[in-house]
Every structure is written in structure tokens, then in C-alpha cells.
Amino acid sequence: MTTSIHLVVILGCRKLMTMKMHFVKTLFSFLALALFSAGATAGVKIEHWTTASGARVYFVETRGVPILDVQLDFAAGNAYSVPDKAGLPSLTRSLLEAGASDLDEEKLAERLTDTGAQLSGGVDNDRASVALRTLSAKPERDAALTLMHTVLSAPTFPQAALTREKERSIAAIREADTQPGAIVAKRFAAAIYPAHPYGVSATAESVAAITRQDLIDFYQQHYAAKHATISLIGDISRSEAEAIANQLSQALPAGGASVTLPPVTLPKSQTIKVAHPAAQSHVHIGLPAVRRGDADYFALLVGNYSLGGGGFASRLMKEVREKRGYAYSVSSYFYPQLLPGPFEINLQTKRSQVNDALKVVDDVLSSFMVQGPTAKELVAAKKNLVDGLALRLDSNAKLLGYLSTIGFYGLPLTYLDDFPARVNAVTISQVRDAFARHVPRDHLVTVVVATE
Amino acid sequence: MKLPICLAILLFVAVSPAPTFANPVLNTFETTLPNGLRVIVKEDHRAPTVVHMIWYRAGSMDEKDGTSGVAHALEHLMFKGTKRLPSGEFNQRVAAAGGQDNAFTSYDYTAYFQIVPKAALPEMMQLEADRMVNLAFTPAEFASEIKVVMEERRLRTDDNPQAQVVEAARGAAFLAHPYRRPVIGWMNDLEHLTWQDAHYWYTQWYTPSNAYVVVVGDVDHAEVFRWAQKYYGVHKAHALPERKPQNEPEQKGWRRVSVKAPAKLPYLSMLWKVPRLSDVHKDRDPYALEVLAAILDGNDTSRLAKNLVRGARIAQSAGAGYDGTVRGEATFTVDGQPAEGRSVAELEAALRAEITRIQVAGITPEELSRVKIQLIAGQTYKRDSLMAQAMEIGGMEAVGLSWHDVDLLVDQLKGVTAAEVQAVAQKYFKDDALTIAVLDPQPMDAADPKPSANPAIKTLH
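What you see is a predicted model, and the numbers here were worked out from it, not measured in a lab.

Trainee: Outline the interface of chain A and chain B, supporting the account with residue identities and numerical values.
Mentor: The interface of chain A with chain B comprises 92 residues on the first partner and 86 residues on the second. Summing both sides of the interface, chain A and chain B together bury roughly 7900 Å²; the carbon and sulfur share of this comes to 57%. Taken together, the links from chain A to chain B amount to eight salt bridges. Between A:Arg174 and B:Glu340 there is a salt bridge; the shortest N-O distance is 3.1 Å. The tally of links from chain A across to chain B stands at 30 residue pairs in polar contact (both at pLDDT 80 or more). Counting residues per element, the side of chain A that touches chain B draws most heavily on helix H4 (residues 159-176) of chain A, which supplies 10 residues.

Trainee: Any chance you could break down the confidence of the model for chain B for me, citing the residues and the numbers?
Mentor: Residues and elements named next belong to chain B. In the predicted model, chain B carries a mean pLDDT of 91, and the fraction of residues at 70 or more is 91%. Long-range and interchain partners of residues 446-461, a stretch whose pLDDT sits below 50, account for 34 contacts in this model, where long-range means more than four residues apart. Predicted as a complex, the structure gets a pTM of 0.91 and an ipTM equal to 0.90.

Trainee: Go over the layout of surface pockets, please, and point to the residues and values.
Mentor: Residues and elements named next belong to chain B. Estimates place the volume of the second largest pocket at around 570 Å³. Taken together, 28 residues line the second largest pocket, and the ones lying closest to its centre are Met 61, Asp 62, Glu 63, Lys 64 and Gln 246. Considered class by class, the residues forming the lining of the second largest pocket number 10 nonpolar, six polar and 12 charged.

Trainee: I'd like a rundown of helix H2 (residues 105-115) of chain A, residues and numbers included.
Mentor: Within H2(A), eight of the 11 residues are buried, which leaves it mostly tucked inside the rest of the structure. Inspection of H2(A) places A:Glu105, A:Glu106, A:Leu108, A:Ala109, A:Glu110, A:Leu112, A:Thr113 and A:Thr115 among the buried residues, and these make up the whole buried set.

Trainee: An account of the sheet that holds strand E11 (residues 280-290) of chain A is needed here, citing residue identities and associated values.
Mentor: All names here are of chain A. Read from one edge of the open sheet, five strands run E10-E14-E11-E13-E12, paired in mixed fashion. Sheet topology places strand E10 (270-274) and strand E12 (330-334) at the edges, where each strand pairs with a single neighbour. Each adjacent strand pair in this sheet contributes to an overall mean axis angle of 15°, direction not counted. Summarising the sheet, E12 and strand E13 (residues 341-350) pair through five bridges and their orientation is antiparallel. From the neighbouring strand, Tyr 333 faces E13, where its bridge partner is Glu 344. This element, helix H10 (residues 315-322), spans E12 and E13 of the sheet and lies at about 160° to E12. Across the sheet, helix H11 (residues 354-371) is in contact with E10, E11, E13 and strand E14 (445-449); its angle to E13 comes to roughly 140°.

Trainee: Hey, could you go over the side chain of B:Ser144 for me, with residue numbers and the actual values?
Mentor: Note on placement: B:Ser144 falls in helix H4 (residues 139-158). The exposure class of B:Ser144 is buried, given its relative accessible area of 11%.

Trainee: For the sheet that holds strand E8 (residues 128-135) of chain A, give the residues involved together with the corresponding values.
Mentor: In space, the six strands of this open sheet follow the order E2-E3-E9-E4-E8-E7 (chain A), with mixed pairing throughout. The strands lining the two open edges of the sheet, one partner per strand, are strand E2 (47-50) and strand E7 (118-123) of chain A. Strand-to-strand twist of the sheet, defined as the mean angle between neighbouring strand axes without regard to direction, takes the value 15°. Across the sheet, helix H12 (residues 365-382) of chain B lies against strand E4 (67-74), E7 and E8 of chain A, angled at about 100° from E8(A), the strand it touches most.

Trainee: An account of the pattern of salt bridges is needed here, citing residue identities and associated values.
Mentor: Opposite charge on two side chains makes pairing possible when the charged atoms of those side chains draw close. One pass over the full model with this rule turns up 62 salt bridges over all chains. The salt bridge partner of A:Glu240 is A:Arg141, with a shortest N-O separation of 3.4 Å. Of this pair, A:Glu240 sits in helix H8 (residues 238-250) while A:Arg141 sits in helix H3 (residues 138-153), and the two are 99 residues apart along the sequence. Classification of A:Arg141 as buried rests on a relative accessible area of 7%. Salt-bridge contacts for B:Arg357 lead to B:Glu354; the nearest nitrogen and oxygen are separated by 3.2 Å. Of this pair, B:Arg357 and B:Glu354 both sit in helix H11 (residues 344-361), three residues apart, roughly one helical turn.

Trainee: How would you summarise the nonpolar core if you had to cite specific residues and measurements?
Mentor: One finds B:Met53, B:Trp55, B:Leu292, B:Phe332 and B:Leu351 to be the most contacted residues of the largest nonpolar core, which totals 88 residues. Counting residues per element, this core draws most heavily on helix H9 (residues 285-297) of chain B, which supplies nine residues. Counting 70 residues, the second largest nonpolar core, distinct from the first, contains A:Ala55, A:Val123, A:Ile244 and A:Ala245.

Trainee: Run through the packing of helix H9 (residues 297-309) of chain A against helix H15 (residues 428-438) of chain A, naming residues and quoting values.
Mentor: Residue and element names in this part refer to chain A. Here H9 crosses H15 at 95°, and the two axes come no closer than 9 Å. Here H9 is positioned roughly perpendicular relative to H15, judged by the angle of their axes. Facing Ala 299, Leu 300, Gly 303, Asn 304 and Leu 307 of H9, the residues of H15 in contact are Gln 430, Val 431, Ala 434, Phe 435 and His 438. For the contact of H9 with H15, the per-class residue count stands at six nonpolar, four polar and no charged.

Trainee: So, unusual backbone geometry: which residues are in play, and what are the values?
Mentor: Residue and element names in this part refer to chain A. A positive phi angle, close to 65°, is found at Asp 84, a residue other than glycine. For Ala 450, which is not glycine, the phi dihedral falls at a positive 75°. Secondary-structure assignment places Ala 450 in the segment after E14.

Trainee: For the pairing of strand E11 (residues 434-442) of chain B, give the residues involved together with the corresponding values.
Mentor: Residues and elements named next belong to chain B. In the sheet, strand E7 (residues 255-262) pairs with E11 via eight bridges, with the strands oriented parallel. From the neighbouring strand, Lys 260 faces E11, where its bridge partner is Asp 440. Taken together, the six bridges between strand E8 (residues 267-274) and E11 define a ladder with antiparallel strand orientation. Bridging across to E11, Leu 268 finds its partner in Val 438.

Trainee: A description of the packing of aromatic side chains should follow, citing residues and the corresponding values.
Mentor: By the definition in use, this model includes 31 aromatic pairs over all chains. Taking 4.1 Å as the distance between ring centres and 35° as the angle between the ring planes, the aromatic pair formed by B:Tyr56 and B:Tyr206 counts as tilted. Within this pair, whereas B:Tyr56 is found in strand E3 (residues 49-56), its partner B:Tyr206 is found in the loop between helix H7 (195-205) and strand E6 (211-217), the two being separated by 150 residues in sequence. On the basis of relative accessible area, B:Tyr56 is assigned to the buried category, the value being 0%. Counting every residue linked through ring pairs, the aromatic cluster contains B:Tyr56, B:Phe79, B:Phe90, B:Tyr112, B:Tyr202 and B:Tyr206. Sitting over the face of the ring of A:Tyr409, A:Arg292 holds its NZ or CZ atom 5.4 Å from the ring centroid. Lying over the aromatic face of B:Phe90, B:Arg131 brings its terminal NZ or CZ to 3.7 Å of the ring centre.

Trainee: Explain the environment of A:Phe312 to me, using residue names and the numbers behind them.
Mentor: With respect to the element layout, A:Phe312 can be found in the loop between H9 and H10. Taking C-alpha positions, A:Phe312 is 44 Å from A:Ala225, a pair spaced 87 residues apart along the chain.

Rules behind the numbers
Residues numbered from 1 in each chain as written. Chains lettered and ligands numbered in written order. Predicted model: local features only at pLDDT ≥ 70, side-chain atom pairs only at ≥ 80, totals over all residues. Heavy atoms only, no water. Contact = heavy atoms within 4.5 Å. Buried area = accessible area lost by both parts, 1.4 Å probe. Salt bridge = Lys/Arg side-chain N within 4 Å of Asp/Glu carboxyl O. Polar contact = N/O pair within 3.5 Å; in protein donor to acceptor, adjacent residues only side chain to side chain. Helix = DSSP H or I, 4+ residues; strand = E, 2+ residues; numbered from the N terminus. pLDDT = per-residue confidence, 0-100. 1 Å grid on protein atoms, 1.4 Å probe; cavity = no way out; pocket = protein on both sides within 12 Å on 5 of 7 lines; lining within 4 Å. Points joined across faces, edges and corners; volume = space filled by probe spheres on them. Nonpolar A, V, L, I, M, F, W, Y, C, P; charged D, E, K, R; others polar. Buried < 20%, exposed > 50% of the residue type's maximum accessible area, 1.4 Å probe, protein only. Pairing = 2+ DSSP bridges. Axes fitted to C-alpha atoms, helices over the stretch in contact; angles between N-to-C directions. Core = buried A, V, L, I, M, F, W, Y, C linked by side-chain atoms within 4.5 Å. Parallel < 35°, antiparallel > 145°, perpendicular 65-115°, else oblique. Phe/Tyr/Trp six-rings, centres within 6.5 Å; stacked < 30°, edge-to-face > 60°. Lys NZ or Arg CZ within 6 Å of the ring centre and 35° of its normal.

What follows is the structure, encoded as C-alpha cells:
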């Protein structure tokens, strides 16, 4: 399949719902947005080197299960799109699997499936990812990696597949434009990033304008070793990891010069109301707030736990859900990116009570901005963040997420080891100051979909 | 691969020196406390963490008309206080331990879990054992929480066109069997649910003999058994209400329903009644149905995507699924959205044609082999996740099967032949057992065609 789905970040339990299961409580989704270490990071040893072709490599050896995960991240996310062709980075990524070398789409899918491997990936604002999970036994592993190599090095971007996928993208966009959850996300991004690539969403028109040559050019420009990080975790040795990283990176195109994204400017404070017949109003409140690696990040992370990141320990959940029954899901989070990523408060509530719910959110945010967390809240936040590290790093899949983020954003290799000390060093006044700097209330944007 | 059946480890590398009893291959151990509570422990020593789950064999299928949704509402209320613990304390204690917790309700069961650093396991067992018998939510807490549940229903179902179609499909497919009711409950039932309804549900079903504990992680099973006796073992079991079979009468003709909702693309769901897995040794058809679902929609080469999405381009999306591990009636679902410009009727004809092709011509050896390769690899991938392993054990036990049988299930699936797949396609996919539900997309009348910032609205922040 050529659908591109995954985000590098998992947004939490409530998204895992199937029609059969009803998760009632939001797992601490926002925590998944942070990077964590295993306190005693014993056992997580990150090895790092650069290939001759310029790809930065991050490797963790784990021998518990006979599997291997390999992920390549390119600075080829949606922010790098060509003007008026929004959707080009996503289409380029998904069409990688539509044919490569002498293999057509069906042959490629058959070969991959026959190895037992799974190819996945996705695109967010900053990066495009290609990920492979395979059994680590040599015959399966070699076969799967050879196919990954082919996909990365010799995509053919067949016109017929492109035509089809453009049609499917356009249909999906038109469908999403009828659904309140999708509308609010799109309108919010556009409002907090006016005239910036982070705020642009693909439209039927922008996708229709994309040509095969656009895909080829985008691939040649961005899918280069020098723009790539390679993350490997699993049942292989350092020398095997080096060979794999060389094999994969050598075949990539030479690439163009690095592209610098335009700076993010703060939006004007405003409230946008969008009509929709839904039973619930969907609300996003926020602004561009923090980039990866910002010195204030730990103060924001710790503070946000008490504001809206700590599930039932958070003030938003207590005031909006527990005390008043206004919402099933209400939370806040920071999502740092290459450029300042959003701070966001999200909730959905019966449309007749949305103004009451907004008032509660406003009160909670106001008092938190002035006072910061209480001493007791601060202790609770630190305890959960530090003691909970182990369980956020207890599988190869989870570790791969952190490994690729450290690599792609160039965070220090000691990031995980330093994490407990950085969290524990945060003070109440640091939280207050960091929130004042990064969440200036005179720039907050509110979007409400489905309201009178 | 959409195999709901919980499966074992085949390509095995020992994660610790194998202990000497229970099932050393699976590293899994089981005991039953004198009060009837079963405890199943799977040791996985890769990281210093543990998953602790308790499953109650009480789900929405055990509800009565008029109080639909009570199983799930009670699940919410289990996070309120107990006779010993103030309201809100449960979550605080889990959070303070660095843990995460959640719960889920299905047709067949209600389950609660905590994922914690291993040192916190005894405390989690103590907390979970406490709320098994000492729950004490107030009428005021009930009144507030039921509003949350109604918000959840609005979010999941009322404003979700495809979820409404699924709800309508099951409502039409089942006349007698309780699977006709949605797990979350009808809105009108939620509006009239009472504290007494929820409390009665709790006193009826929450008892050690109707539950089992699953622990997976960096633990010593003997120690876990001792803690289980200490915390859970002190509670006395009581008798359970009688469970009536409520079997669905034979369907004698197709059923068709439609739902109107704001959307752009139509959506079609076709649901056939098929057998569930009841005897892991003797059954054959459930395994063949499982493979059939994978042939249609189990991997990147599967037929629906290949033929209808990529090939004929009739479908925007298309899928198939079979869940044979259920307490009640099993169904086989085929669904999809027509591609833009194609009709629901064309999609339905195309989906039916895919079934017909298998009925007439069967499947190829390559297709069958691919399904099995992915199945076997998937069992190894599953071992990367403690939660997946705990869900595997819990899901088996929930429907009266045993974790002991997980490897047998894999063997049975590996043994499925092309002829068996063709035979189940011929046997069960008849219109007399079919329900079809369709989303009829409506324009967004209430929507402003050009929504814009409204200066009259004062910014709230």
C-alpha cells in the first residue's frame, strides 16, 4: 500500500480505539511528545557516526528479540513543499513505494511481504520518514534491506500511480473538509502560522497542480545522504549497522543545498468560529511556542504536566472534565519542531456549553500563567516524568522514536542521560518565566468549529 | 495482518534462563487463588517495567435493554474513590509511581491496566484489589461522570459518520443477540442511567471468580503469585447472575439500512454472520475465515487494495476483517468508500465480485504463503511490546479460551489450505446472512460556506 500514515509521535490511547474497544481515559498522550530517558539509562547506549556520504547514523544494539528496525529521516517534510503545490512532500514519500528499479508497484509489495518485513513511514512538517521492521535473521534481513535500498535509491514514480494517488488525496481532502476534527486542526494551523509553510495544508487545487517532474525534482533535492539521519535498533552488531548504513546511504541522490525555512512570526490574537452541524464544538487554543533544543523546554514540559499534560493530575482535566463533566478529552501540550512548534489546548464539548467550557479553560490558563504550578504540583510532575522514563523506553519501537528524534534534531547524545537532572532542576519561577516567554497571551489564537 | 487471535512465539530466543514449569517456551505461569481469581504471569526481563491488568468477564453483552452503556459507565466510575481511598487518589498514586493507566470496555469484557516501573507493581495490585470490592462513588460523582460519557459518545459516534454506520449495521444484523447494542450505549439510555444502575452492575459482576489478572514484564512469577494472594486473595467471591445464551435466530434474507450524515464520500459496510472460534483443536472454519480476511486485506499485496484501490480504482479505501475470538456471535466484515465519481452500488458489486472470485477460482499458493509468512513474522514483532503480549493473553482468556493454546492457534493457522479458504467463502457468504449498511452523505447545511474570523466575538485569551 502506498498510503502514508504514521507520525513519528503517537498521540495517545484514545486514538487506538477500535469499534470494539472503548478507552475511557486519555493515556498521558502529551508525554509521548517529550523525550525521556530511563533514569538509569543503563542499557540504552547510543552509538553515533557519520557515513562517508554524509548521513548521520544513530544505533542501539538490543538482543532481546530477533528483530531489526531501520528508519531514515530526511529534511523533506511538508514545510519544504514548492509554493502552490502543497502536498508534494507527502505524495513524494508515498510514491516511493509505487515502483522502484525494475519492480512495479505490485512486484515490490510482493517481494517485501515475502520477506516478512513491514515498510512504513510518513511525513510531518519537518521530516519525511522511511522505516523498515524486519526479522534480524540474515536471509530475511538482507532481502528486506535490499528492497529498502531499491525503494530509496531508484524510485520510478510511475505516472499512472501518481494520477491515482492524486485522485485519492483530493478525495480524502474533500472528505476531511467535512469532519470537525480535521477542520479545526487545519484552520488552527493556518491561523497560528499565517503566511508560513507550517500553516499550509494541501488542497484539491494544490494537489492537482503536482506533476511527476515535481516528484522527481523533490526527491533529487531532498532525499540525499547529507539531509538524512539513519536510526537503527535491534539484533545486529555495530559492524553490521555500519555496513547497513553505508549500503543505504551510498545509493541516495547527491541532493541540493540545504533549504532554510522562513522564520515563524507570532499571530495576532483572534477567535475564529467555523459553522458546522456537529453535536460537539471542537476547540483548539494556542500559538507557535517552542523549537527543539530550546533552553526553556524542560521548564515548559514540567509546567505543562500540571496545566494539561498530566492527564488526571492536570488542572484542565480536573476543572473541565472531573468537576464539570464538560468534555471527555481535554489536554494541553507543546510540540517542539525545527522552528517554533505549537503550544495547544484541545477539547470537544457539547456545542451549547462551549462558551462555559472556554471560560473555564481561560480561568485555568490565567491563574497558571500568573502563579505557575504549586510546590506540590511541581513535585508530582517531576516524580512522574523522571520515574516514568523506564516505561517509555521499554521496547525497540519506542526507543526508535526517541533515537530518530535525537538524531534528526541534533540533540545531544547525552540527552537521555541528562533528562532526570534537567527535569529535577526546574523551579516554579522558571516555569512561570518560560510560560510568559513562550505563551504570550496577547498572541493566542482560538478556533471553534461547530458553534452558533 | 489483522489476526485478532492471540498468538504465540515461534521464532524464539530465550529472554531469560527458562524456568522449569508452566510453559517455559512462553515463559508464562498461572495460578488460581482459593477465591477463584486466576493469575497469569509472563516474564519478560528486557526492561525494568511491568504491565498489570485485570479483566472482568462483564461487557456490554451482559447488559439489559434500557441500561445499555452501564458496563462502560462503571468503568469510568472505577476511577473514583473507594471506602479507603479518596476520589482522585487512584490516578495520583499511579502518576506518582511514574506510571500510566487506562481501561477499556468491549462487548465481552471490561479491563483495567497500569504500566509502571517494576518496583510499583505491589502497590498497583493493592490499588486494583481495593477497587474490586470497595468502590464508593457518590451520586454527585455519577451525575458528573455520565455527562463525560455522553461527551464521549458525541465524539466517537454521533459526530462520526462511519461509526454511525457501524452502529446501524450491528443494530440491523442482530435482533436478539446483545451485540445489537453499542458498547458505549444509546444516548437515551445514558440520559436515564442512574447511580443505582451503575452500583448494581458493580455489585453483580465485580468479584474475584469473574476476573483474572495478567502481569507481563520484569517480574518473578512466584513473587507475583504471593502478592496476588496477599492483596486479591483476601476478597470473598460471590455468585454471578445467570447468563442467558441469547442466541441470534437464523437470518433469512438480506437486510439493508442507510444513515444520513454530513460527509463527502459514501461508506459501505457489509457484514456476514459466521462461526466464532470455540474449540481450538477441532474447529477448522474459523481459521480459514481468518486467512480469508488476510487474503482480502491482511498485507500490502492483499486483493481488495490491489484490485479495487490500485487496479480498478473503484475504491478510495477497502477493507475486510474477521474476529473469531468473541463470546457471542462472530461476524465477517467487508467495507469501503467508493472512489470519487464511483457509486456505492459499483463498490458493492466490486466487493461481491472479489468474494465470488474466491468462491469460484480459490486462492493462489503464493497468496497463502504470504499470509503465513506475515503471520509468523508478526508473532515475533509482537514480542517487542509488553502491552501486546498482555493483550494477547487477556484476549484469549476473555472468551473462554486459554493462553496455553496460543501456539496451537498459530499451528492451526499455518495448516489452513487453499481449499479450506475457498470452502468457507462458498459456505458463509450468502445473501441470506448478509447485512448491508450505507452512509448517505449530506451537505453541511448548517455550515457557513466562507467561515471567517468574527470580530464580534471577543477573544477569550
